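# Topology and contacts: notes
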Amino acid sequence: MTQPRTPTTTTAAAAPAEAAKPKSWVPRRSWRPSLSRVLGGPVFAKEVWVLGKRLSTSWVRFIYGFLLLGMLAIVVVNATDSYSYSGNMGNLQALQAYQQIAPVVTIAVLGFQFGMLPLMGCVLGGSAVCEEVRAGSLATLLSTPLKAWQIVMGKLLGRCTELLILSLLALPVLLMARVLGGVNGESLIAPTVLCAANALLALQISIWTSARAKHAAGAIAGAIGVLFVLWVLPSVLVGVLMSVPTMPFKGLNPAFITLLSPPMVFLVKLGDIASWGAPPFQTLHWVWSVVSSLALTGLFFVLSTRAVRRAMVATALLGPGAGRTTKKAPPDKRRAVSISQDVPMAATPALDGASPAAPLDSSPDSPQETNEAARQRKRKKSAVVEGYSRTVGDNPVLWREVQQRFTRGQWALPVALGICCCALLFLYWMSSMKEGLQIGVAMFGAVILLLLAALQTPGAISSEREGRTLDVLLTTPLSARAILWGKLLGSAKRLAPLYVAIALHLFFSGVLPGITRYIFLPLDEVVRFLRFASPAFANNSDFIPEHIDGYRSYLGWDPARVDPVAILAFLLVLACTVFMQFAVGLLLSAVMRRTTPATICNLLLWILVWAFLPVVLAIVDNGLIDLYGALHPVVLMAMVLDGGTDNAALSATYDVPDNNVQAFTFFVFLVLYCFAATGVGLGALKVASLELGFAGGRKR
Amino acid sequence: MIETSNLTKHFGSLVALDSLTLSIGPGEVFGFIGPNGAGKTTTMRILSCLTRPDAGTAKVCGFDTRTHGDDIRKCIGYMPDFLGVYDDLTVDEYLQFFASAYGIARRARATIIGQVLELTDLTQKRHSLVDGLSRGMQQRLGVARVLVHDPKVLLLDEPASGLDPRARIEMRSLLIELARMGKTLMVSSHILSELGEMSTSIGIIERGKLLYAGSVTDAFARAKTSATQGDRIVVKLATSGATPSTIKQALETDHRVLKATANDEQRTLTVDLTTGEHEHHFLLERIIACQGRIESFQPEVVKLEDAFLRLTTGALQ
Ligand SMILES: Nc1ncnc2c1ncn2[C@@H]1O[C@H](COP(=O)(O)OP(=O)(O)OP(=O)(O)O)[C@@H](O)[C@H]1O
Ligand SMILES: [Mg+2]
């Protein structure tokens with residue numbers, strides 16, 4: 001009885017006091033820590049609503065479900081085959097048969113989830129902040145009392161619901177495996193929870209990269225990279241440290257390496273289901289892995305909040321997109337400009353005089369105003385500097401693409417390349433450049449390149465559409481082909497460093513080993529010096545493990561050599577594949593309205609073609625997978641390097657899955673593949689240009 | 001220069017343009033007005049070959065938009081209502097970008113850009129980043145971009161939005177200057193007084209239907225309530241003299257006065273005259289004769305707004 005009266009009295013008391021002035025139509029509330037506020041409130045609601053409304057969301061769900069079901073069907077059919085299931089079995093037998101397939105099905109479903117959900121996390125979060133920054137709506141959010149962490153939380157949870165929906169698609173299967181198949185509960189829960197924790201981590205990382213990147217594609221690529229590093233680096237580091245005898249890591253259980261990498265833990269837990277053997281660590285250690293993933297998620301949450309706050313302030317001060325890649329000139333130079341602004345009469349004639357007289361295509365600037373800026377620009381190669389204008393080339397779209405930078409800071413690329421080089425050198429040194437290393441590193445680089453290539457172009461056209469610049473571009477007489485090729489070549493230029501790095505790696509480790517081994521001689525000397533100088537080293541007989549001893553007498557050092565023809569063939573296959581992915585991405589970008597769905601579709605498409613299809617084919621039929629393998633770029637690239645190592649590429653036999661083929665046959669396949677890929681790419685470009693030119697009589 | 005016949009465009013079930021037939025001659029400044037969602041932008045997008053009409057034809061510079069897009073693109077300059085700019089270019093680079101897109105030789109670009117910037121009064125900002133420009137300056141940059149390739153026909157979608165009063169006046173004189181240079185302009189705007197001053201002809205569109213197209217003076221004539229109505233004069237009287245209603249009675253006897261309305265509280269008197277040329281001083285004399293003390297005497301100017309309000313119903317689409 002008393003409860004409902006309390007609010008009535010307060011309103012009654014407040015009413016006479018407020019009667020005089022017109023009341024605000026929004027009921028005023030004090031800040032109470034309510035659940036909806038903690039969850040991000042309006043941002044969360046908007047995210048869920050918008051995501052749910054988009055057609056692309058249903059498409060993604062549909063494709064995801066389709067892939068899952070397809071794989072399930074194949075696995076079930078295949079498993080029933082091998083367990084000789086037949087229609088006229090009794091109930092008991094059927095149940096038994098089912099119990100036999102259940103582990104296989106469970107492993108397939110869980111493996112699929114673990115492969116896809118973190119990836120979907122990266123993709124979903126990639127557009128979270130940067131799109132808002134570009135649309136200018138982040139600045140609007142800044143003017144509301146919402147805190148940055150609430151925005152991040154809203155975005156995180158909003159996209160989480162999408163992940164949750166995707167993961168729920170597999171729930172019926174898992175439940176059936178538990179109830180009918182009798183799969184142990186813990187071995188179902190552990191992989192599921194691991195999967196969820198890592199998907200969450202991926203999502204949070206991509207929100208962080210999204211707050212720092214300019215475009216969704218860059219954010220997605222960055223998130224995948226960061227996630228990958230987090231998955232691999234700790235265990236690699238510990239592994240390396242464990243191999244160094246003087247470190248305290250020496251006595252560590254090798255299982256620790258596994259424990260540091262969530263995918264490994266996941267695989268071990270899958271092994272539980274199939275009873276592949278005793279786990280290398282105790283059953284509940286997966287909880288540790290989950291907790292550390294969640295802790296990392298928390299860390300990235302804090303980082304995201306900071307990044308979002310910074311992005312908000314930047315957009316509020318300078319307008320959308322400002323203060324991100326562009327460098328404002330330092331104060332002394334600004335003063336120079338503003339002085340000339342104060343005296344317009346004096347400055348204008350100077351500009352007028354300078355412009356017509358500008359020689360050839362040198363920068364058309366008034367000297368006194370921009371000398372400083374030009375000097376500054378020269379110092380920081382090609383950075384965008386206020387107060388200085390570059391000269392635009394004859395294909396403006398290409399020019400602008402090429403000017404765009406892949407990374408934010410001017411040092412990021414060189415530093416990354418430097419780290420890669422050091423890591424490579426270290427690897428060379430450790431492994432004495434044996435064959436496996438050369439192929440392994442090249443293939444690793446190639447796969448990363450293909451992944452990045454799938455992310456480069458889907459935003460090319462759609463982001464212009466989103467930024468409302470496409471209309472203006474389409475009213476110019478630029479042909480659709482010029483626009484598309486400009487975008488494509490620009491993307492190629494951005495990925496060129498990686499491509500060149502792979503080529504250099506092969507050349508350096510495969511063609512030049514006779515020379516390169518001398519590079520490692522100084523290292524040898526360093527080791528010798530250490531031995532001499534430090535008793536700790538000298539007394540430790542373990543210190544010269546076999547690989548160091550192996551190269552010490554460098555005459556006996558015999559690295560593998562790769563035939564240059566094989567290297568060229570490898571690079572050709574890679575280039576054709578990248579071209580095809582670029583072109584298809586551009587097509588998707590032209591056809592689809594928005595960047596994010598186009599990116600998701602392109603990524604899913606290539607995962608489907610390059611990774612999913614082979615698995616399916618392998619399960620279905622051995623003959624098919626052999627044929628497919630011959631047309632699969634990664635297989636082709638690995639084969640050609642494998643065959644061309646320590647052999648002449650043109651006379652070697654190639655170890656194509658299941659049978660050896662002669663060089664001629666192999667190269668016919670290889671050339672066929674290149675033609676096919678290029679053809680698909682050109683076709684996609686053609687369709688894209690038709691799509692762009694659809695509106696009115698454009699030359700294609 | 002611009003000719004459309006029975007232009008129709010649907011967006012789903014919504015009819016954005018409904019048999020629009022329009023003709024704009026060379027050198028005209030065509031003001032295109034209509035409420036929000038009337039179909040102005042859609043028309044301009046069709047004319048600049050960005051959207052395909054569902055039915056009907058549109059010709060610009062004598063070329064059909066469906067078949068000769070490339071020829072049209074060379075001779076028009078289209079400025080969209082919402083100008084997207086590349087955030088990583090300076091003003092000079094932005095203009096170079098489009099000069100290059102229009103195939104202007106590198107040597108010529110610097111001079112042209114200089115002139116265009118001069119015309120739009122952006123010379124000071126030549127090397128500033130486009131992103132950092134204010135809304136109004138970006139708008140001027142949009143006009144500058146449109147002029148880079150010296151097009152014959154300009155399609156400007158709300159060029160004055162976001163400009164300060166001074167810049168608005170400058171924009172107007174810029175457009176008048178462009179018209180003087182012999183260009184054909186199609187300008188959409190919501191600021192009717194402005195259009196009224198610079199247009200040679202106007203078109204009023206609502207819900208995709210062209211309600212009126214013709215000269216500005218004709219449009220003014222339509223703003224009147226009836227054929228018999230002439231000028232309207234608003235007189236405000238001081239409190240010390242006679243009340244408006246007494247004066248009203250005296251005035252209504254005159255044959256030159258069509259109707260008079262008095263408001264004693266606000267002490268105003270609104271007098272509608274009959275058509276024909278009348279010297280207004282007869283009114284003054286009569287009011288003074290009735291002991292009225294005039295505080296202000298204001299003939300009401302007929303505005304494009306009136307024509308607009310009269311012709312459109314104000315329904316949103
Ligand atoms: N791409 C589109 N998809 C669906 N509907 C559209 C699209 N473009 C325009 N419309 C609809 O067509 C109608 C006409 O729009 P249009 O942009 O031409 O109006 P407008 O006269 O330019 O309005 P405003 O004065 O607000 O700029 C509107 O009802 C709009 O909702
Ligand atoms: Mg409009």
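Residues numbered from 1 in each chain as written. Chains lettered and ligands numbered in written order. Predicted model: local features only at pLDDT ≥ 70, side-chain atom pairs only at ≥ 80, totals over all residues. Heavy atoms only, no water.

### Structural notes on the layout of surface pockets
To keep things clear, this is the line we draw: Points on a 1 Å grid, built from protein atoms alone, make a cavity when a 1.4 Å probe fits but cannot get out and make a pocket when they are open with protein on both sides within 12 Å along at least 5 of 7 lines; residues with an atom within 4 Å of a point are the lining residues. Grid points are joined across faces, edges and corners, and a volume is the space filled by probe spheres set on the points. Helix numbering and strand numbering both begin at the N terminus, where a helix is a DSSP run of H or I of at least 4 residues and a strand a DSSP run of E of at least 2.
In this structure, the second largest pocket spans a volume of roughly 560 Å³. Secondary-structure elements contributing two or more residues to the lining of the second largest pocket are α21 (460–466), α22 (470–474) and α32 (663–692) of chain A together with α1 (40–47) of chain B. Tallying contributions element by element places α22(A) first for the lining of the second largest pocket, with three residues.

### Notes on the packing of aromatic side chains
Given two aromatic rings, one states the distance between the centres and the angle between the planes to describe the pair. In plain terms, the rule: Side-chain rings of Phe, Tyr and Trp, where Trp is taken by its six-membered ring, are said to pair if the distance between their centres is within 6.5 Å; with planes under 30 degrees apart they count as stacked, over 60 as edge-to-face, and otherwise as tilted. Exposure classes here rest on a 1.4 Å probe applied to the protein chains alone. A residue is buried below 20% of its type maximum, exposed above 50%, and partly exposed in between. Sitting over a ring, as applied to charges here, requires NZ of Lys or CZ of Arg to be within 6 Å of the ring centre and within 35 degrees of the ring normal.
Tallying each qualifying case throughout the model produces 14 aromatic pairs over all chains. Between A:F228 and A:F444, the ring centres sit 5.8 Å apart and the planes meet at 35°, which makes this aromatic pair tilted. On the criterion of sequence distance, the pair formed by A:F228 in helix α11 (residues 216–243) and A:F444 in helix α20 (residues 435–456) is long-range, its members being 216 residues apart. A:F228 sits in the partly exposed class, given a relative accessible area of 35%. Of the residues examined, A:F444 reaches a relative accessible area of 46% and is grouped as partly exposed. The rings of B:Y86, B:Y94, B:F97 and B:F98 are connected pair by pair, giving a single aromatic cluster. We note B:R256 situated over the ring of B:F282; from NZ or CZ to the ring centre the distance is 3.9 Å.

### Describing the domain arrangement of chain B
Threshold: Where each domain begins and ends follows an automated or database-derived domain assignment.
Under the domain assignment used here, chain B contains domain 1 (2–223) and domain 2 (232–299). Its C-alpha centre places domain 1 of chain B at a distance of 45 Å from the equivalent point of domain 2 of chain B.

### Some details on the side chain of B:R172
Residues and elements named next belong to chain B. As a reminder, the rule being used: Any pair of residues with heavy atoms lying within 4.5 Å of one another is described as a contacting pair.
Tracing the backbone through its elements, the reader meets R172 in helix α6 (residues 165–180). Overall, the relative accessible area of 16% leaves R172 in the buried class. Excluding residues within four positions of it along the chain, R172 makes contact with E194, E197 and M198.

### Here we look at helix α31 (residues 633–644) of chain A
Each α-helix turn comprises 3.6 residues. Residues three or four places apart therefore point the same way. All names here are of chain A. Note the following rule: To estimate the expected span of a helix, count its residues, drop one, and scale the result by 1.5 Å.
The first and last C-alpha atoms of α31 sit 16 Å apart over twelve residues, in line with the 16 Å expected at 1.5 Å per residue. Taken together, the buried positions of α31 are P633, L636, M637, M639, V640, L641, G643 and G644. D646, located one to two residues past α31, shows a positive phi value of around 60°.

### Here's the deal with the nonpolar core
Soluble globular proteins tend to pack their nonpolar side chains together in the buried interior. Counted only if it meets this: Here, the term nonpolar core denotes a set of buried Ala, Val, Leu, Ile, Met, Phe, Trp, Tyr and Cys residues that are joined through side-chain atoms within 4.5 Å.
In terms of nonpolar packing, the biggest core is built from 224 residues, with A:F570 and B:M186 touching the most fellow members. With 17 residues, helix α28 (residues 564–591) of chain A is the largest single contributor of residues to this core. Contacts of B:M186, omitting those with residues within four sequence positions, involve B:I2, B:L22, B:I24, B:F30, B:F32, B:T43, B:M44, B:L47, B:L154, B:L155 and B:L156. Among the nonpolar cores identified, the runner-up in size contains 14 residues, and B:A242, B:V257, B:L269 and B:L273 belong to it.

### Quick word on the site of ligand 1
All names here are of chain B. Operational definition: Any residue with at least one heavy atom within 4 Å of a molecule or strand is counted as near it. Any pair of nitrogen or oxygen atoms within 3.5 Å is treated as a polar contact; in protein, a donor-acceptor pairing is required on top of that, and neighbouring residues in sequence qualify only through side-chain atoms on both sides. Residue exposure ignores everything except the shown protein chains as possible cover, and the areas themselves are Shrake-Rupley values with a 1.4 Å probe. Put simply, Ala, Val, Leu, Ile, Met, Phe, Trp, Tyr, Cys and Pro go in the nonpolar bin, Asp, Glu, Lys and Arg in the charged bin, and everything else, Gly too, in the polar bin.
Around ligand 1, 13 residues are found, and the nearest of them are G37, G39, K40, T41 and T42. One of the backbone N or O atoms of G37 is found 2.8 Å from an oxygen atom in ligand 1. Considered on its own, ligand 1 offers 630 Å² of accessible surface; in the complex 63% of this is hidden by protein. When contributions to the shell around ligand 1 are tallied by element, the ones reaching two or more residues are β2 (14–24) and α1. When residues of the shell around ligand 1 are assigned to their parent elements, the largest contribution, three residues, is made by α1. A breakdown of the residues in the shell around ligand 1 according to their chemical character gives five nonpolar, six polar and two charged.

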